[in-house]
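So you can see what is in the structure, the chains are spelled out below.
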Amino acid sequence: MDSRLEREITYLKGVGPKKAEIFKKVGVETVYDLLQYCPRDYIDLSEPAAVADVRPNEEEPYSVRVRLVKKLPVARVRKGLTISKAVFTDDTADITVTLFNQEYTFSNMQEEKQYVLYGKVTGNMLRPEMNSPMIFAGDSEDLIVPVYPLTEGLTQQFVRKEVKAALDLLGGDSPDIMPQYLLDKIKLPSLKYAWENVHFPRSVYSAVEARRRLIFDEFFIYSLAIAYRRSTSDEMSDHVMKRYSMKPFKEILPFEMTEAQMKAAADCGRDMMSGHRMNRLIQGDVGSGKTVVAACIAYYAFKNGYQSCLMAPTEILAAQHYETFRKYLEPFGAKVCLLSGGLRPKQKKEILAGIADGSYDVAVGTHALFYGDVQFKDLALVITDEQHRFGVEQRRKLSSKGRNPHTVVMSATPIPRTLALMLYGDLQVSVINELPSGRKPVQTYAVSGKMRERAYGFVKKQLDAGHQGFIVCPAVEESELDIKNAKTYYEELSRGAFADYKLGLLYGKMTAADKQAVMDAFKEGTIDLLVSTTVVEVGVDVPNATVMVVENADRFGLSQLHQLRGRVGRGGDEAFCVLITDNTSPENVKRMKAISGTNDGFKVAEEDLRLRGPGDFFGTNQHGLPAFKIADLTRDIELLERAQKLSAMVIEEDPALIGSKNRDLSSLVQALLRRGAEIS
Ligand code: ADP
Ligand code: MG
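Given the structure is predicted, the values throughout are model-derived calculations rather than measurements. (Residues numbered from 1 in each chain as written. Chains lettered and ligands numbered in written order. Predicted model: local features only at pLDDT ≥ 70, side-chain atom pairs only at ≥ 80, totals over all residues. Heavy atoms only, no water.)

1. Notes on the packing of aromatic side chains
Taken as a whole, this structure holds 14 aromatic pairs when the rule is applied. On the numbers, 5.0 Å between centres and 80° between planes, the contact of F219 with F628 is edge-to-face. Here the residue F219 occupies a position in helix α8 (residues 204–232), and F628 occupies one in the loop between α22 (601–617) and α23 (637–653), the gap between them amounting to 409 residues. F628 matches F219 in its accessibility class, with the two residues each being buried. Cluster of aromatic residues (ring-pair linked, three or more members): F249, Y299, Y328 and F332. (Phe/Tyr/Trp six-rings, centres within 6.5 Å; stacked < 30°, edge-to-face > 60°. Helix = DSSP H or I, 4+ residues; strand = E, 2+ residues; numbered from the N terminus. Buried < 20%, exposed > 50% of the residue type's maximum accessible area, 1.4 Å probe, protein only.)

If you want it as structure tokens, here you go:
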């Protein structure tokens, strides 16, 4: 990188050690950092309003170009508070300005001179006023004024002045972090142009254009770091496995594994034999049968004499997986334990001891498993189910439980490729793109609340035929209110429409034991219809359930709806999902059409991402996506795609980034990796 860019910020005039400390707080340590420090907004002074046209007390601030008519005497209200007032005009009307404790500014203002004022207008139509507006000299050429994010001790003017100094330092040169051969490809402005126009734009348009270059860079370096790490991190494994035939395992299954399941299992087997540490993502739509694959891999580790563990996002799922694993692994002599939150201290102690001395071969559990002080004898394999619920940090914690164990992440959310690279760029990927044979797509219908009675009738028909069903109430965030909704709804239905059926109720804040009891009853068929919040996890497996009604369907993300409906139709019978929504906005109509129109989770996910952005896409803020400084994953997906393509190309040509033309990129990547925590 150009050495001037690497200079400490104190190199600039006006920045001493004190200011440097303050700059550091906002992540600015070098000249380069400062130039990259983007305004969060701009004030557009290029089209001032006529004072006669301003409407007082609106949310939006105005800018007006006015002449100072008269300064009123400064009022000293009390110690530490002075109020200065002045009257301005643009000859369409007058406006009165009040400044608090700004005697200095006030004394510098001159009658008859032009100013541009920017701020919210108060008062009334006859007497418009502005309190503490931003005041610019009327002859200033900067009509688009950047607004920087500040911290205590920084002012807009100061940041502006130093940015200017930083740009002056470069003079006529145009240093760039992007080597020429890439600059020719990206078709975006040069870095120098970008900086000039981000900080001192000639128009809002040029600021936006310039910003795209900085966003691209941010994505690019990030993607490059991921690609680089993947290409260079060949971690050796401490648990190199020997080949065992999967045949005995397959033979005890009550069904044939699908091709896709066998391939995913084989991928993992190959990884674990390779001598390198496995780091794999298994993506499979709801109902594609990931659990069996997990059991198969655990079987492999067991045959090799190693311990493995399976992590589920909820107690219900953990309990379900525990049953499955026992069914498929105990016939081979493997010992499986369940580490749940509901254990009595004595039980827990026994189980922990068994895990530590190796009497248990497979441990199944929830977060408790890795938050707690679990010690394994020799943990060789960590399988995480429904990964997107786990934060990046948790993933790291998990792997630290053993001597770098092999890891498999199973995700039921088909994640669009762009995001998958971002979240799991360092992972190998297996896709289970096939549902077990005989599985029929869930027929999905979106209807308005007026159709509720008919929907109930339809549900009853299913129940009368011996099937079971769900009614899901919205609980986007589990709150008291939502619980009450589910409860009230449950009571209403038990007394009314479904008085003749056995109903169950399930919501998040129930104790683990109560939840489990309800789930068990539902599985055994003692409950016909389960009223629940979204707590019934996506993976819950009750093959006899064939119908689901979702209330207020517009409050769910598309992917979430897709996950929800994946709970029905797991047994090969025709299955139905009725989405009830009274939201008739065009977006919602579009979304309901999209979800009714396809059963392909990937298509649903792409659509969801397009319509809602990645934050909402996962239905939670803890999606594990990196926090970008300038870029916005919702708005800038297209730039992200381009950046990923370019970084893949660079790494393919120069896997370890040692080429001299990539020198600057390499040092930026190294710096990013050193800051580590930001990268998943
Ligand atoms: P998910 O991928 O959503 O976690 P599960 O592993 O819970 O799916 O499997 C869903 C259901 O499909 C379970 O009842 C499971 O026993 C069954 N299943 C899994 N694989 C097959 C298969 N190859 N053939 C038939 N049924 C299968
Ligand atoms: Mg599952």
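2. Let's talk about the domain arrangement of the protein chain
We note that the domain assignment places domain 1 (3–42 + 146–175), domain 2 (46–141), domain 3 (247–432) and domain 4 (443–598) within the protein chain. Summarising the inter-unit geometry, the C-alpha centres of domain 2 and domain 4 are found 59 Å apart. (Domains from an automatic or database assignment.)

3. Quick word on unusual backbone geometry
Across the chain, the bulk of peptide bonds are trans and the bulk of non-glycine residues have phi less than zero. Backbone geometry at N101 places phi at a positive 50°, although glycine is not the residue there. Here N101 is to be found in the loop between β5 (94–100) and α4 (103–108). Note on N101: relative accessible area 44%, which makes it partly exposed. In this structure, K187 is a non-glycine residue whose phi angle is positive, near 55°. With respect to the helices and strands, the residue K187 is situated in the loop between α6 (180–186) and α7 (191–199).

4. Notes on the packing of helix α20 (residues 558–565) against helix α21 (residues 586–597)
It is the contact of α20 with α21, at a shortest axis distance of 10 Å, that shows an interaxial angle of 35°. Seen along the crossing, α20 lies across α21 with a hand that is right-handed. Facing α20, whose interface residues are L558, L561, H562 and R565, α21 presents R591, M592, A594 and I595. Looking at side-chain class alone, the contact of α20 with α21 contains five nonpolar, one polar and two charged residues. (Axes fitted to C-alpha atoms, helices over the stretch in contact; angles between N-to-C directions. Left-handed = near helix turned anticlockwise from the far one by under 90°. Contact = heavy atoms within 4.5 Å. Nonpolar A, V, L, I, M, F, W, Y, C, P; charged D, E, K, R; others polar.)

5. As for the pairing of strand β16 (residues 406–411)
The buried count for β16 comes to six of six residues, which makes it a mostly enclosed element. Here β16 shows two buried faces, one formed by H406, V408 and M410 and the other by T407, V409 and S411. Of the strand pairs in this sheet, strand β11 (residues 279–284) and β16 are connected by five bridges, and their pairing is parallel. The residue bridging I282 from the neighbouring strand is M410, located in β16. (Pairing = 2+ DSSP bridges.)

6. Re the packing of α8 against α23
When two helices pack together, their arrangement is given by the angle between their axes and by how far apart the axes lie. Across the interface, α8 lies against α23 with an axial gap of 8 Å and an inter-helix angle of 40°. As judged from the angle between their axes, α8 and α23 are oblique. In this structure, α8 crosses over α23, and the sense of that crossing is right-handed. Every residue of α23 that contacts α8 at R212, I215, F216, F219, F220, S223, L224, A227, Y228 and S231 is listed here: E638, L639, L640, R642, A643, Q644, L646, S647, V650 and I651. Here the residues of the contact of α8 with α23 sort into 13 nonpolar, four polar and three charged. (Parallel < 35°, antiparallel > 145°, perpendicular 65-115°, else oblique.)

7. What to know about the sheet that holds strand β15 (residues 379–385)
The seven strands are arranged β13-β14-β12-β15-β16-β11-β17 in an open sheet whose pairing can be described as parallel. Both edges of this open sheet fall to β13 (336–339) and β17 (428–432), since each of them pairs with a single strand only. Here the average twist between neighbouring strands, direction ignored, is 20°. Across five bridges, the pairing between strand β12 (residues 307–311) and β15 is parallel. Paired with Q307 across the two strands is L379, which belongs to β15.

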